[in-house]
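# A structural walkthrough
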Amino acid sequence: ESFYREWIPFIGTLFLFIFGCNWAGAVIPWKLIELPEGEFAAPTNDINTTVALALLTSFSYFYAGLSKKGLGYFKRYVNPIPL
C-alpha cells in the first residue's frame, strides 16, 4: 500500500511542470516577442519536451516494475501467443 508514496514527488513535479508550461503558453503572448532566428513559444509546444517527458515516464515505469518484480516483470511482455 505504501509503494505509491515514493512516486508522489515525481508525479507532482510532472503535473506542475506541464501545468505551468501550458499556462505559460495560454497566458503569455509569445507571438508578440520577435527573435532574429525562429520564434518564441510555450515549452510544451516543442516536440523535444514531449519526447523527454515520455521517455522519463517510460523509464520510470520500467524501473518501478523491475524493482518490484525483478526480471520476472518482462514475462508479461514475452508470453507466447496461443494459436
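Residues numbered from 1 in each chain as written. Predicted model: local features only at pLDDT ≥ 70, side-chain atom pairs only at ≥ 80, totals over all residues. Heavy atoms only, no water.

## Details of the overall build of the protein
For the protein, the helix and strand inventory stands at two helices and zero strands. A compact globule built from 83 residues should have a C-alpha radius of gyration of about 12 Å, whereas the protein, at 19 Å, is more than 25% larger. Considering only C-alpha atoms, the protein reaches an extent of 55 × 35 × 20 Å along its principal axes. Pairs at least 24 apart in sequence give 39% of the contacts found in the protein among residues at least 6 apart. Of the side-chain charges in the protein, 6 are positive and 6 negative, and the distance between the mean point of each set is 24 Å. (Helix = DSSP H or I, 4+ residues; strand = E, 2+ residues; numbered from the N terminus. Rg over C-alpha atoms; globule rule 2.2 N^0.38 Å. Contact = heavy atoms within 4.5 Å. Lys, Arg positive; Asp, Glu negative; His and termini not counted. Charge placed at Lys NZ, Arg CZ, Asp CG, Glu CD.)

## Structural notes on helix H2 (residues 47–69)
The end-to-end C-alpha separation of H2 is 33 Å, in line with the 33 Å expected for 23 residues at 1.5 Å each. For H2, every residue scored as buried is listed here: Thr49, Leu53, Ser60, Ala64 and Gly65. Looking at the packing, one finds that the buried side of H2 touches helix H1 (8–27). (Expected span 1.5 Å × (residues − 1). Buried < 20%, exposed > 50% of the residue type's maximum accessible area, 1.4 Å probe, protein only.)

## Overview of the side chain of Thr49
Mapped onto the fold, Thr49 is located in helix H2. Those residues in contact with Thr49 that lie beyond four places of it in its chain are Phe17 and Pro43.

## Regarding the packing of aromatic side chains
A complete count under the given rule lists nine aromatic pairs for this structure. Site record: aromatic cluster; members linked through ring pairs are Tyr61, Phe62, Tyr73 and Phe74. (Phe/Tyr/Trp six-rings, centres within 6.5 Å; stacked < 30°, edge-to-face > 60°.)

## Considering H1
The terminal C-alpha atoms of H1 lie 28 Å apart, and with 20 residues this matches the ideal 28 Å at 1.5 Å per residue to within 8%. Of the residues making up H1, those classed as buried are Leu14, Cys21 and Ala24. Angular distribution of buried residues about the axis of H1 spans 105 degrees; they occupy a single face of the element. In this structure, H1 carries Ile11, Phe15, Leu16, Ala26 and Val27 as exposed residues pointing more than 90 degrees from its buried face. Summarising the contacts, the buried residues of H1 are in contact with H2. (Arc of directions from axis to C-beta.)

## A closer look at the side chain of Ser60
Locating Ser60 in the fold gives a position in helix H2. Those residues in contact with Ser60, other than ones at most four positions away along the chain, are Trp7 and Phe10.

Geometric descriptors of this kind do not, in isolation, establish any biological role.
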